[in-house]
Amino acid sequence: AQSVTQLDSQVPVFEEAPVELRCNYSSSVSVYLFWYVQYPNQGLQLLLKYLSGSTLVESINGFEAEFNKSQTSFHLRKPSVHISDTAEYFCAVRDNYGQNFVFGPGTRLSVLP
Amino acid sequence: DVKVTQSSRYLVKRTGEKVFLECVQDMDHENMFWYRQDPGLGLRLIYFSYDVKMKEKGDIPEGYSVSREKKERFSLILESASTNQTSMYLCASSIVQAGANVLTFGAGSRLTVL
């Protein structure tokens, strides 16, 4: 069975500082990996995804994540955060045979002025 | 853009009441899902459906049922609401494409059971 671990439940960081949100997964098969973001009082939105090819994937708002197969990780990074990045971030995995996604418990990012 | 609409953003119900949560998507997606979201637990899958009148249990189906009579509509039913079903409920849909299967979520329905 697949599982996703997000070790940090809360990450406070000052504006313009770099941030890394950690995600590790366990799976015995090849997987696709996703980061979703949830702004206050909203549903989840896809931030970025790794399906195949380059292990470094980027979003339109400056986030990037790198798939590391040997470490079974898909950490999310941003070199300089904004107040508007304050949200909860969920890592998710789906194996390439099924239709179901497994989500991590989420990391609440708080960007402080 | 795909839109997933959940008809009720906030509901307050009493223990024992029957509760219907409705979800409609407008892009002809085959798959639809119901999750519940609780602090520290992330999203847990209740039920999913990959076609009309088809349904599969997820990780926590106890106390819930679903209905999918039309492709665009997926309903979650709590036959007799209990206080431990107070939660945020998220509906999602996805299209079946090898490798490109991503979830699109609705805004959520926050249910409080008193």
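If you're wondering where the values come from, they're calculated on a predicted model, not measured in any experiment. (Residues numbered from 1 in each chain as written. Chains lettered and ligands numbered in written order. Predicted model: local features only at pLDDT ≥ 70, side-chain atom pairs only at ≥ 80, totals over all residues. Heavy atoms only, no water.)

Engineer: Break down the packing of aromatic side chains for me, citing the residues and quoting the values.
Structural biologist: Tallying each qualifying case throughout the model produces 13 aromatic pairs over all chains. With centroids separated by 5.6 Å and ring planes inclined at 85°, the aromatic side chains of Tyr36 of chain A and Phe105 of chain B adopt a geometry described as edge-to-face. Pair noted here: Tyr36 of chain A is in strand S5 (residues 31–38) and Phe105 of chain B is in strand S11 (residues 104–105), and the two residues belong to different chains. Considered together, Tyr36 of chain A and Phe105 of chain B belong to a single accessibility category, that of buried residues. Cluster of aromatic residues (ring-pair linked, three or more members): Phe34, Tyr36, Phe101 and Phe103 of chain A together with Phe33, Tyr35, Phe48 and Phe105 of chain B. (Phe/Tyr/Trp six-rings, centres within 6.5 Å; stacked < 30°, edge-to-face > 60°. Helix = DSSP H or I, 4+ residues; strand = E, 2+ residues; numbered from the N terminus. Buried < 20%, exposed > 50% of the residue type's maximum accessible area, 1.4 Å probe, protein only.)

Engineer: Which residues make up the pairing of strand S6 (residues 44–50) of chain A, and what values do they have?
Structural biologist: Across a regular strand the side chains alternate sides, sitting on one face of the sheet and then on the other. Residues and elements named next belong to chain A. Looking at chain direction, S5 and S6 are connected through 6 bridges and run antiparallel. Each bridged residue has a counterpart across the sheet, and for Phe34 the counterpart in S6 is Lys49. A loop of 5 residues connects S5 with S6, the two strands running antiparallel in sequence, and Asn41 in this loop sits at a positive phi of about 60°. (Pairing = 2+ DSSP bridges.)

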